[in-house]
Amino acid sequence: EIKPPFVIFYEGNIDLLNSEHHKLAIISSRKGQPSSLHYVLDETDTDTIFVLKGKGETDEYIIDNYTNKVILVWATTLRQCPQELKNKVINNGGLVISRLPNNAIDTISPSTFSENAVFLSSVCDKMLVASVIKQSGSLISITSAVSINKDVGVIPTNVYEDFENNALIYEGAIPVYNKVSYK
């Protein structure tokens, strides 16, 4: 069962959480394949709000290459989010949110990242998996999204790569091959 946090802490445009625009979480392992997104994300669709974790090459690629607004779901305190990353998101009209107050103890437990993965899945309308490896926090986000009946689309990967994308498709996720296959 997904339990929302009692309070969230934020910097930026809080109205994005209640926006009627489509919120698409993009999930990727830290060493993901950001270039694959070019084939499935429509650059002209600037109304979609991207929901990201902010920790990895794929998130950086999206923030740097798309003009869409971003909701960045940060796992630790806002104080611990790199200022340059925060500025990029907020200066583009985006939002950075956290479940933890700035005075939270700097020692973060393993459950912090699991809880954040669940929180991320509750913020989005749909989820797109760019790349995921075994035993990653990304799998928690995906499982949470499925448990609350959110669509999960997955970009297929080469069978020789060490990603779980094709296994997710085999288990019932929606294969996303091009820009129109996951609208």
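All of these numbers come straight from a predicted model, not from anything done at the bench. (Residues numbered from 1 in each chain as written. Predicted model: local features only at pLDDT ≥ 70, side-chain atom pairs only at ≥ 80, totals over all residues. Heavy atoms only, no water.)

Focus: the overall build of the chain
- A tally of helices and strands in the chain yields five helices and eight strands.
- Of the regular secondary structure in the chain, the N- to C-terminal order runs β-β-β-α-β-α-β-α-β-α-β-α-β.
- Its C-alpha radius of gyration of 15 Å places the chain within 12% of the 16 Å reference for a compact globule of 183 residues.
- Along the three orthogonal principal directions, the C-alpha set of the chain runs to about 45 × 35 × 25 Å.
- A buried classification covers 46% of the 183 residues belonging to the chain.
- For the chain, restricting intrachain contacts to residue pairs at least 6 apart in sequence, the fraction spanning at least 24 positions comes to 65%.
- Total accessible area computed for the chain in this model is approximately 9600 Å², and 52% of it derives from carbon and sulfur atoms.
- Computed over 16 positive and 21 negative side-chain charges, the inter-centroid distance for the chain is 4 Å. (Helix = DSSP H or I, 4+ residues; strand = E, 2+ residues; numbered from the N terminus. Rg over C-alpha atoms; globule rule 2.2 N^0.38 Å. Buried < 20%, exposed > 50% of the residue type's maximum accessible area, 1.4 Å probe, protein only. Contact = heavy atoms within 4.5 Å. Areas by Shrake-Rupley, 256 points an atom, 1.4 Å probe, with all protein chains shown as cover. Lys, Arg positive; Asp, Glu negative; His and termini not counted. Charge placed at Lys NZ, Arg CZ, Asp CG, Glu CD.)

Structural notes on the pattern of salt bridges
- Applying the stated criterion across every chain yields a total of three salt bridges.
- Between Glu11 and Lys86 there is a salt bridge, and its shortest N-O distance comes to 3.3 Å. Of this pair, Glu11 sits in strand 1 (residues 9-12) while Lys86 sits in helix 2 (residues 83-91), and the two are 75 residues apart along the sequence.
- Lys86 gets classed as buried once you look at its relative accessible area, which sits at 4%.
- Among the salt bridges present, the one from Asp64 reaches Lys88, with a minimum N-O distance of 2.8 Å. One end of the pair, Asp64, is in helix 1 (residues 57-65); the other, Lys88, is in helix 2, with 24 residues separating them in the sequence.
- On the basis of relative accessible area, Asp64 is assigned to the partly exposed category, the value being 46%.
- Given the relative accessible area of 36%, Lys88 is considered partly exposed. (Salt bridge = Lys/Arg side-chain N within 4 Å of Asp/Glu carboxyl O.)

A word on the sheet that holds strand 8 (residues 174-175)
- Taken together, eight strands build an open sheet; the order of strands is 1-5-4-3-2-6-7-8 and the sheet is mixed. The open sheet is flanked by strand 1 and strand 8, the only strands paired with a single partner.
- Both strand 6 (residues 126-131) and strand 7 (residues 151-154) contribute to a ladder of four bridges, which runs parallel. Within strand 7, the residue paired with Val129 across the bridge is Val154. (Pairing = 2+ DSSP bridges.)

Looking at the side chain of Lys150
- In this structure, Lys150 sits in the loop between helix 4 (137-147) and strand 7.
- No salt bridge is formed by the buried Lys150; its nearest oppositely charged neighbour, Asp125, is found at 5.4 Å.
- If we skip the residues at most four places from it in the chain, Lys150 touches Ser121, Ser122, Cys124, Asp125 and Ala145.

Things to note about unusual backbone geometry
- One non-glycine residue, Asn149, adopts positive backbone phi at about 60°.
- As for its position among the elements, Asn149 is in the loop between helix 4 and strand 7.
- Using a relative accessible area of 71% as the deciding quantity, one classes Asn149 as exposed.

What to know about the packing of aromatic side chains
- In total, this model carries two aromatic pairs according to the counting rule given.
- Between Tyr61 and Tyr66, the aromatic rings sit 6.2 Å apart at their centres with planes inclined by 70°, giving edge-to-face as the arrangement.
- Judged by its relative accessible area of 22%, Tyr61 is partly exposed.
- Put simply, the rings of Phe50, Tyr61 and Tyr66 pair up and form one aromatic cluster. (Phe/Tyr/Trp six-rings, centres within 6.5 Å; stacked < 30°, edge-to-face > 60°.)

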